Amino acid sequence: MKRTVLSIALASLVFASSCKNTQTPKQETTQNKAVKSDITDEQLMDKVQQEALKYFWDYAEPKSMLGRERYHEDNIYPDNDKHVVTTGGSGFGLATLLVGVERGFIPRKEAVKRLTHMMDFLAKADRHKGAWSHWINGETGKTVPFGKKDNGGDLVETAFLTSGILMVREYFKNGNAEEKALASKCDELWKGIQWNWYTKGGEKVLYWHWSPEYQWEMNFPLEGYNECLITYILAASSPTHPIDAETYYKGWTRNGTYLTDKTKYGLPLYVKHNYAEEYGGPLFWSQYSYIGLDPTGLSDKLVKNYFDLNKNQVLIDYKYCVENPKQWKGYGSNYWGLTAGYTRNEDGTAGYTAHMPTNDNGVITPTAALSSFPYTPKESMDFLRFLYTQKPEFIGSAGPYDATSVNYNDWFTPRYLAIDQGTIAPMIENYRTGFLWKLFMNAPEIQQGLKKLSFQSAKYGIR
């Protein structure tokens, strides 16, 4: 099974797994027992952050040490892709490792050693005008095609990775000799990305893909609104291969036409979500770009407050699940959240889809609510508490499983995806301390890039 390109235009496709047994009995262990109901909110957040970290610390691809595309507890990989690492998910993994160091979950010295190894691998891996491919062979560093013509650079996945690389640089740049060397490696990788190449010869829009073999045949311009905002922020911030502000406003905002006055449940959507204008898209759209980019009070020429935009998208998803028009068993104020990830096919096998109100099949993806903590702390905590105190079968060796369904007799798949598991610890930490937001937003190039695009943030002195 292969997951789709992270765009709503393609994410409606569901790829069925050849594995029929998607729910396996687990040995009764202390870890799998429900936690006591008197556990504090802080303890619960610590617990889920530490467990999600295991995906990237305990179960990383062993040669590259990057995040695997997927980790299956059942050890069944229908596409024989256990060794394949994901570029974007590895970026979220970098942020997760930083949270682990900051909270004392992993030793700083060991983390520096591992991160240095990862940067060395990325420096030697295939690059396409500086960008990495969506998938990389973790054993060789060679590009693994995501699709027939998608066998070159993936600018969006590269952006998610680069966001993590910059945060690693910022965190360690004033450290000891080993840490400064790591920061230098990060800086070199960042400066080698040719963002402006991906304007296809100077068009006022960024393109998702470029392949040495197929050139621009994928033909996928990055136009809002979806998960790709961070790509434009980084491209504008590049000290070596930048884009101009016109590319942002003509390309990403569609000449300003992506604004909307539509509301749902009385909540303004502010922008037109691509192919999802009524309810907004899957919740990863409010998360992937905002691992480092702090939406709090953030504005540009068109959007007055990105935090409100994201908060409303999450609340609309929440209210939809509480309303539960399809009458799925279990949906409610403590069991909600629709986003892209593994899913349950009609025959009970595991597939993949972009869950959202207009594509709701009774499957709840835990990362949706858990990675929404900055926007909906009470609602997200209600979900977290329900999961750990009442649904221990939904918890595995690296935290909550990727796909669950109370409706289908507590169905789950004992599997994880990097892009889902990798946003949990970072977004919870941003809610708790703003740790990653501060690292990213205070990077000198990001400050300049945001100013170039007429962004403002009183919180970070950007005017």
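This one's a predicted model, so the numbers in the text were calculated from it and none came from an experiment.

Notes on the UniProt feature "domain: Glycoamylase-like" (unreviewed entry) in the chain
Part 1: Within the UniProt annotation, "domain: Glycoamylase-like" (unreviewed entry) is assigned to residues 219-443.
Part 2: Helix and strand shares over residues 219-443 are 33% and 12% respectively, and the end C-alpha atoms of the span are 32 Å apart.

Points about the packing of helix H3 (residues 87-102) against helix H4 (residues 108-124)
Part 1: Following both chains from N to C, one finds H3 and H4 inclined at 165°, their axes separated by 10 Å at the closest point. Relative to H4, the element H3 lies roughly antiparallel. Handedness of the H3/H4 crossing: left-handed. Contacts from Leu94, Leu97 and Val101 of H3 reach H4 at Arg108, Ala111, Leu115, Met118 and Met119.

Things to note about H4
Part 1: Here H4 spans 25 Å end to end across 17 residues, near enough to the 24 Å set by a 1.5 Å rise per residue.
Part 2: In the core, the buried residues of H4 are packed alongside helix H2 (41-57), H3, strand S3 (135-137), helix H5 (155-172) and helix H6 (177-191).

Notes on helix H9 (residues 306-323)
Part 1: Across its 18 residues, H9 extends 26 Å between first and last C-alpha, which sits within 8% of the 26 Å expected from 1.5 Å per residue.
Part 2: Here H9 lies mainly inside the structure; 13 of its 18 residues are buried.
Part 3: A distance of 2.9 Å separates the backbone nitrogen of Phe307 from a side-chain oxygen at the start of H9, and that oxygen is part of Asn305.
Part 4: The positive-phi residue at the C-terminal boundary of H9 is Asn324, with phi of around 50°.

Some details on the pairing of strand S9 (residues 340-344)
Part 1: Within S9, five of the five residues are buried, which leaves it mostly tucked inside the rest of the structure.
Part 2: Sheet topology note: the S9/strand S10 (residues 350-354) ladder contains five bridges and is antiparallel. Within S10, the position partnered with Thr343 by the bridge is Gly351.
Part 3: As consecutive antiparallel partners, S9 and S10 are separated by five residues, and within that stretch Gly348 has a phi angle of approximately 90°, a positive value.

Examining the environment of Gln287
Part 1: Of note, Gln287 is situated in the loop between strand S8 (267-268) and H9.
Part 2: Considered as a pair, Gln287 and Ile316 are 29 residues apart in the sequence and their alpha carbons are 15 Å apart.
Part 3: Leaving out residues up to four positions away in the same chain, Gln287 has contacts with Thr367, Ala368, Ser371, Ser372, Thr423 and Met427.

Reading guide: rules and limits
- Residues numbered from 1 in each chain as written.
- Predicted model: local features only at pLDDT ≥ 70, side-chain atom pairs only at ≥ 80, totals over all residues.
- Heavy atoms only, no water.
- UniProt positions renumbered as here; feature names shortened; annotations may be inferred.
- Helix = DSSP H or I, 4+ residues; strand = E, 2+ residues; numbered from the N terminus.
- Axes fitted to C-alpha atoms, helices over the stretch in contact; angles between N-to-C directions.
- Parallel < 35°, antiparallel > 145°, perpendicular 65-115°, else oblique.
- Left-handed = near helix turned anticlockwise from the far one by under 90°.
- Contact = heavy atoms within 4.5 Å.
- Expected span 1.5 Å × (residues − 1).
- Buried < 20%, exposed > 50% of the residue type's maximum accessible area, 1.4 Å probe, protein only.
- Polar contact = N/O pair within 3.5 Å; in protein donor to acceptor, adjacent residues only side chain to side chain.
- Pairing = 2+ DSSP bridges.

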